[in-house]
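Working through the structure, step by step
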Amino acid sequence: MEFPQQQKPAEGKITYPPGVKEITDKISNDEVVKRLKMVVKTFMDMDQDSEDEKQQYLALALHLASEFFLRNPNKDVRLLVACCLADIFRIYAPEAPYTSHDKLKDIFLFITRQLKGLEDTKSPQFNRYFYLLENLAWVKSYNICFELEDCNEIFIQLFKTLFSVINYLYGIPKWSFCFHKSILSTNRHNCQHEFFNQVLVLGKSSVSDLSEHVFDLIQELFAIDPHLLVSVMPQLEFKLKSNDGEERLAVVRLLAKLFGARDSELANQNRPLWQCFLGRFNDIHVPVRLECVKFASHCLMNHPDLAKDLTEYLKVRSHDPEEAIRHDVIVTIINAGKKDLNLVNDQLLGFVRERTLDKRWRVRKEAMMGLAQLYKKYCLHHEAGKESAQKISWIKDKLLHIYYQNSIDDKLLVEKIFAQYMVPHSLETEEKMKCLYYLYACLDPNAVKALNEMWKCQNMLRGLVRELLDLHKLPPSEANNTAMFGKLLTITKNLPDPGKAQDFMKKFNQVLAEDEKLRAQLEQLISPTCSCKQAEVCVREITRKLTFPKQPANPFLEMVKFLLERIAPVHIDSEAISALVKLLNKSIEGTADDEEEGVTPDTAIRSGLELLKVLSFTHPTSFHSAETYESLLQCLKMEDDKVAEAAIQIFRNTGQKIETELPQIRSTLIPILHQKAKRGTPHQAKQAVHCIHAIFHNKEVQLAQIFEPLSRSLNADVPEQLITPLVALGHISMLAPDQFASPMKSIVANFIVKDLLMNDRSVGNRNGKLWSTDEEVSPEVLAKVQAIKLLVRWLLGMKNNQSKSANSTLRLLSAMLVSEGDLTEQKKISKSDMSRLRLAAGSAILKLAQEPCYHEIITPEQFQLCEQLLIKFFLDECYQVRQIFAQKLHLALAKLLLPLEYLAVFALCAKDPVKERRAHARQCLLKNISVRREYIKQNPMAQEKLVSLLPEYVVPYMIHLLAHDPDFTKPQDLEQLRDLKECLWFMLEVLMTKNENNSHAFLRKMVENIKQTKDAQAPDDPKTNEKLYVVCDVALFVITNKSTACHLESPKDPVLPTKFFTPPDKDFINDKDYLSSEARTFLLTGKPKPNPVLGTVNKPLSVTGRRPYTKSAPLEAGSNLSSNSEPCSPAGKPGSHTGGFGHLEPDRPFWKSPQEPSSETGQASGRKWDAGAPPSSTENSVTCQTTAAPPPAVNKPRRGRPPKSLAGGGASSAEKEGGGAGRGRKRAVPASDGTGTPTVEPITIKIPKQQDTDAKRSAPQRQMDLQR
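What you see is a predicted model; the values in this text were computed from it and never measured.

Here we take up the overall build of the chain. Tallying secondary structure elements over the chain gives 56 helices and 0 strands in all. A fraction of 76% describes how many contacts in the chain between residues 6 or more apart in sequence connect residues 24 or more apart.

Bringing a negative patch on the surface into the picture now. The grouping of Glu428, Glu430, Glu431, Glu575, Glu596 and Glu597 at the surface amounts to a negative patch. Structurally, the position occupied by Glu430 is in helix 24 (residues 429-442). Judged by its relative accessible area of 53%, Glu430 is exposed.

Counting 186 residues, the largest nonpolar core has Trp274, Leu310, Trp455 and Phe651 as its most contacted members. Element by element, the count of residues in this core is highest for helix 41 (residues 779-798), at 12 residues. Here Phe651 is in contact with Tyr629, Leu632, Leu633, Leu636, Ile658, Ile665, Leu669, Cys691 and Ile695, once residues within four sequence places are set aside. Among the nonpolar cores identified, the runner-up in size contains 79 residues, and Leu900, Met992, Ile1010 and Val1034 belong to it.

Right, let's get into the packing of aromatic side chains. Using the criterion set out here, one finds 23 aromatic pairs in the structure. Between Tyr1029 and Tyr1074, the aromatic rings sit 5.4 Å apart at their centres with planes inclined by 40 degrees, giving tilted as the arrangement. With Tyr1029 in helix 52 (residues 1022-1042) and Tyr1074 in the loop between helix 52 and helix 53 (1077-1085), this pair connects stretches of sequence that are 45 residues apart. By way of ring pairs, the aromatic residues Phe89, Tyr98, Phe108 and Tyr142 are connected into one cluster. Taking the ring centre of Tyr403 as reference, the NZ or CZ of Lys411 above it sits at 4.8 Å. Stacked on the ring of Trp985, the Lys or Arg Lys1042 has its end atom at 4.7 Å from the ring centre.

To continue, consider the confidence of the model for the chain. Looking at the chain as a whole, the pLDDT averages 78, with 79% of positions reaching at least 70. Long-range and interchain partners of residues 1-12, a stretch whose pLDDT sits below 50, account for 18 contacts in this model, where long-range means more than four residues apart. Below pLDDT 50 for its whole length, residues 172-191 participates in 14 contacts with residues either more than four positions away or in separate chains.

Let us look at the pattern of salt bridges. Taken as a whole, this structure holds 42 salt bridges when the rule is applied. Measuring nitrogen to oxygen at the nearest pair gives 3.0 Å for the salt bridge that ties Arg606 to Asp640. Separated by 34 residues along the polypeptide, Arg606 in helix 32 (residues 601-618) and Asp640 in the loop between helix 33 (626-636) and helix 34 (641-654) bring together distant segments of the chain. With relative accessibility at 23%, the residue Asp640 sits in the partly exposed group. Three or more residues joined by partner-sharing salt bridges are found here, namely Arg248, Arg280 and Asp283.

Here helix 25 (residues 445-472) crosses helix 28 (residues 516-525) at 145 degrees, and the two axes come no closer than 10 Å. Between helix 25 and helix 28 lies a crossing of left-handed hand. Residues Val465, Leu469 and His472 of helix 25 pack against Arg519, Leu522 and Glu523 of helix 28. Here the residues of the contact of helix 25 with helix 28 sort into 3 nonpolar, 1 polar and 2 charged.

The next point concerns the packing of helix 42 (residues 805-818) against helix 43 (residues 831-849). Here helix 42 crosses helix 43 at 145 degrees, and the two axes come no closer than 9 Å. Along this stretch, helix 42 crosses helix 43, giving a crossing that reads as left-handed. Contacts between helix 42 and helix 43 pair Thr809, Leu810, Leu813, Met816 and Leu817 from the former with Leu837, Arg838, Ala841, Gly842, Ala844, Ile845 and Leu848 from the latter. Counted by class, the contact of helix 42 with helix 43 contains 9 nonpolar, 2 polar and 1 charged residues.

With that out of the way, let us pick up unusual backbone geometry. Residue Pro94 is bonded to the preceding Ala93 through a cis peptide linkage, with omega at 5 degrees. Inspection of the secondary structure puts Pro94 in the loop between helix 5 (75-92) and helix 6 (101-114). Of note in the backbone geometry, Glu820 takes a positive phi value of approximately 60 degrees without being a glycine. Its place among the elements puts Glu820 in the loop between helix 42 and helix 43.

We now examine a positive patch on the surface. Among the surface-exposed residues, Lys456, Lys686, Lys789, Lys847, Lys888 and Lys895 lie close enough to one another that they form a single positively charged patch. The residue Lys895 is located in the loop between helix 46 (879-894) and helix 47 (915-938) in this model. Overall, Lys895 belongs to the exposed group, its relative accessible area being 58%.

Time to look at a nonpolar patch on the surface. Together, Phe159, Phe163 and Ile166 make up a nonpolar patch on the protein surface, roughly 320 Å² of accessible area in all. Secondary-structure assignment places Phe163 in helix 8 (residues 151-170).

For the rest of this paragraph, the subject is the state of the cysteines. In this structure the tally under the stated criterion is 0 disulfides. In this model Cys924 remains outside any disulfide bridge; the closest cysteine sulfur is found in Cys909, 8.3 Å from its own.

With that out of the way, let us pick up helix 29 (residues 532-545). An ideal rise of 1.5 Å per residue puts 20 Å on 14 residues; helix 29 measures up with 20 Å between its terminal C-alpha atoms. By the burial criterion, the buried members of helix 29 are Cys532, Ala535, Cys538, Ile542 and Thr543. Seen from one end, helix 29 has its buried residues packed into an arc of 130 degrees, which puts them on one side. In this structure, helix 29 carries Lys533, Arg540 and Arg544 as exposed residues pointing more than 90 degrees from its buried face. Where helix 29 is buried, its residues meet helix 24, helix 28 and helix 30 (555-567).

For Arg836, the position within the fold is in helix 43. Exposure remark for Arg836: the relative accessible area of 15% places this residue in the buried category.

A word on the environment of Asp470. By the secondary structure assignment, Asp470 is in helix 25. Sequence spacing of Asp470 and Met484 is 14 residues, and the spatial spacing of their C-alpha atoms is 9.8 Å.

Examined against the element boundaries, Ser616 turns out to sit in helix 32. Ser616 gets classed as buried once you look at its relative accessible area, which sits at 1%. Residues Ser616 and Arg652 lie 36 residues apart in sequence; the distance between their C-alpha atoms is 9.0 Å. If near-sequence neighbours (up to four positions away) are discounted, Ser616 is found in contact with Phe623, Ile650, Asn653 and Thr654. There is a polar contact of 2.9 Å between the side chain of Ser616 and the side chain of Asn653.

Our next topic: helix 32. Between its first and last C-alpha, helix 32 extends 26 Å over 18 residues, near the 26 Å set by a 1.5 Å rise per residue. Where helix 32 is buried, its residues meet helix 24, helix 25, helix 31 (574-589), helix 33 and helix 34.

Another aspect to go through is the environment of Ser407. Locating Ser407 in the fold gives a position in the loop between helix 22 (394-401) and helix 23 (408-422). In this structure Ser407 comes out as partly exposed when scored by relative accessible area, which is 25%. Taking the C-alpha atoms as reference points, Ser407 and Asn494, 87 residues apart in sequence, are found 10.0 Å from one another.

Criteria and thresholds
Residues numbered from 1 in each chain as written. Predicted model: local features only at pLDDT ≥ 70, side-chain atom pairs only at ≥ 80, totals over all residues. Heavy atoms only, no water. Helix = DSSP H or I, 4+ residues; strand = E, 2+ residues; numbered from the N terminus. Contact = heavy atoms within 4.5 Å. Patch = residues over 30% accessible without salt bridge, like charges linked within 9 Å, V, L, I, M, F, W, Y side chains within 5 Å. Areas by Shrake-Rupley, 256 points an atom, 1.4 Å probe, with all protein chains shown as cover. Salt bridge = Lys/Arg side-chain N within 4 Å of Asp/Glu carboxyl O. Lys, Arg positive; Asp, Glu negative; His and termini not counted. Charge placed at Lys NZ, Arg CZ, Asp CG, Glu CD. Buried < 20%, exposed > 50% of the residue type's maximum accessible area, 1.4 Å probe, protein only. Core = buried A, V, L, I, M, F, W, Y, C linked by side-chain atoms within 4.5 Å. Phe/Tyr/Trp six-rings, centres within 6.5 Å; stacked < 30°, edge-to-face > 60°. Lys NZ or Arg CZ within 6 Å of the ring centre and 35° of its normal. pLDDT = per-residue confidence, 0-100. Axes fitted to C-alpha atoms, helices over the stretch in contact; angles between N-to-C directions. Left-handed = near helix turned anticlockwise from the far one by under 90°. Nonpolar A, V, L, I, M, F, W, Y, C, P; charged D, E, K, R; others polar. Disulfide = S-S within 2.5 Å. Expected span 1.5 Å × (residues − 1). Arc of directions from axis to C-beta. Polar contact = N/O pair within 3.5 Å; in protein donor to acceptor, adjacent residues only side chain to side chain.

Following this line, the structure appears as structure tokens:
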């Protein structure tokens, strides 16, 4: 077909759109592009009905098809021209302005080439390329080409271009088209089988170009029709067992896609292949296991019926040694759970729960965040109904339990989860408080404690920041800078990565010093009156001021954000408290949604009051409103004792302004408090007295109105009515000691001591129990316990001993402990009641010892008695008495309320026969020591009080305590020496974990100095001093055998307590060795010294690499070991060492007994042990295989664990079962090669052959326990 040639218009007749100058080859490309954009805009706006414009711009349309534009090297010029040409075809359709055959061909080939630009979807010009394609498609411009004789060239180029673009964008393989083409062009039915057999089984890669794409090929065929691959699947099973890890990985990736496809039935149709594939979850190659875990997510979503098969394999992988695999297991389960909770069973969720305690932070964080997301979706938003919410109701408790972990990262993440997922701070106040109200009611007790602790920590941190800001208001000084540094150190310990946090907080402190507006914002943020909305504004403003635009990653800002998130009140303000009180009122009135939220009205009321009580400690200012107090008054009138008690405590914490600002509340509150103090429960009486004392100005009058009627109504014959009056009187005497000094002294002397404590009016229950529940305790005993507490409160109120009342009280309490709780010794009191009274007396002594004025008046003899009484508690026959008393002692020491000497009592825990209780006692000891070391680091002024704070100074008290141990009667008795070593090492092991500031030498020097003094209690008694020196020698023996660093020079001269040791006498030089060679051998090996003849023939080798411990001058660094004493090691092969420190079990309750003690069984000694307490496990340490010797005779009943020699039979039988009955912490038994890991310093000795042979023949072997 011929097209008439259209003549090119003459120069100067081309009409351009308004504002567009002529476009020629004489201008720059940038100018051409600029003018073409305006032309493109003109053509885009034109339509087919614009006949005048079509005629006007015809010459321009022809000009744009000239060679200058079609061959232009500039890409932008070509694109703009192509857009113009596409619009020209649209405008002039159906008659194009170009009639030349060659010109049309050139134009369409030109436009086709421009479509190549569609490959780059991120290009700034992509929209223009897409406009070009869309325009051509809409107008169907390429239909013109059908009229051309050689149109095939144009269409082939077009399809090549479009396929190239699609292949680039979506990765459609070119071989797929080739393969299908080859199938269609042949009629051979067995081509697939032959091809795959040669490639997969025979490994021939030269069969076809498709060989290297065989797995992709299988996937494509499977998508077309799975039946095409029936003969191929067994070959894939063969490939899964390949020795090449990369090949197995490729097959696993393929099968993961085949099994995981949405409509795939392959797992059910080919079970052998499915089971073989599941086996790859345990592949030795890490990438293979990782790929399997990733597949599980798609499989759970697309094939829930296969979840049962996957569960067991995911369980194993959740404990995989590779962190990435454990992490992906969590991601797999959580992703499936977020899609549909029914896709994951309880076992799979349990794996995520376990990983919240993973050793790696990344895994723990993923597990915690995943659980939080599930909780928010299904429990908070109820997206899947109540059944699903009930299924994961445990998540809230588990997440809060993690707050008990030591890691600050865990704590911060729990706080973040609570604020964003459990009680989202972005909710409106009413909805937010409703969420908190019912969450608190549904939490378990441990989760409630964790949540309370979280608020307490945040409040403490707010207080630290407030104190820091107060220091900024003071004039600069050295003391001020030191105080600031101390505050900053404490703040950094509450932030992640304390090392970096310290530097960032110093920088932040410097910014605060320079920016007054920033300080004002921060002060408003921590103000008690700051609302949640104001807090958001303050955080935003502070963050904005610290943001540096040029630093995209600003770790300093991130650390400050951590601090702001912890101190900002995002949940609680006055409005929030009012909303909580309204919810509480609805629960009281019965109009709340309690039942719908899964709690009973009583539970909602009680937990709501408990919540308000906790918040009254951290946000007291937010409670100050008449509406809130009116609601609390209603709670005071309720019959529930716990509710009324909590309401009183809220008034006590928050009501300081009631008397001045809310007189109507005051007039209603006073009579209620009087009534509760006189006739309420003991707890209500206590809180009522403290509430009156805290919020009223005329408290003397108010307390007198309660004191007088109560003091007149005391009647020992009616003990049921005594308990509340005694509690009220005790607290009144403590809060107002001067006001009631005279009447209280009369009440104590005439009624408390003579009438109540010294008389037994009733006969106790003879059921033989050592402990009974609170409900089973007789009213008389309960009254006596409260009487003892009254004595303590009375003395704590006076805080002086001018009337010698403290001495009398100490004698009374000591007498009660000596008589084991039966003060009158009339044997009317039952065993369980005696346990209660013993515990009350011991707790009273601890309470008094916390008051400095009473601690100072305790004479050495009285303190010795206290020590013996404390020993009695640690060896008490009643487990509950031991447990409760030890807990009280631990808490008082951890809070630095008790003097350091009381820490020495923990050395006696080595005598406890139950391994778990020893482990927990050691844990408490570690806690106390770490608290003291941290306190010294954080408080520069503590350097002046090192004698009372430094943990190493417990050693003199421990030595004195052990020297006066009632069980230590024979200084040369081997069994008693062994027990001394156990007690000493129980304490020294913790102290010698690190050799900070050469502390090992300091300990050695301290013990050597003690040996140059005398016992201050009996300086002239040779036997008493001999026992003291024997303990010193055992301590030196343990120290020198545990540390080579102890021989260095001591950093400073230790100070000994003069209350227990006489000053060193220059004329007294004690260089005597109080341990015989037999005793030393026994302490090392657990066996007496072998036969001298055998020892002469088989001399043990000396210790290599250990400096001999030689004597030195008195009071100087030296040794108390004789020069011929041989330091030896646990028996075994050369190179054997003992294991490390024992493994603690912190999840068990403190000193929890496996069984309830019985009063009928136990050792026939002064105190019975738990009858049900099993003998402790044999130490899995290196055994000293020496000749067995008969145990030394035991002349008197021993308290504590039975001697190993007496428990040989039990140990033997236990060993047969894989356990044992030793006293130490569990340790691995040495391997056959005799190697191990040293604890502190290894001691290596070669045992003579004959001795070793004899030991092998011997009966149950004694375990070496010095290296514990």
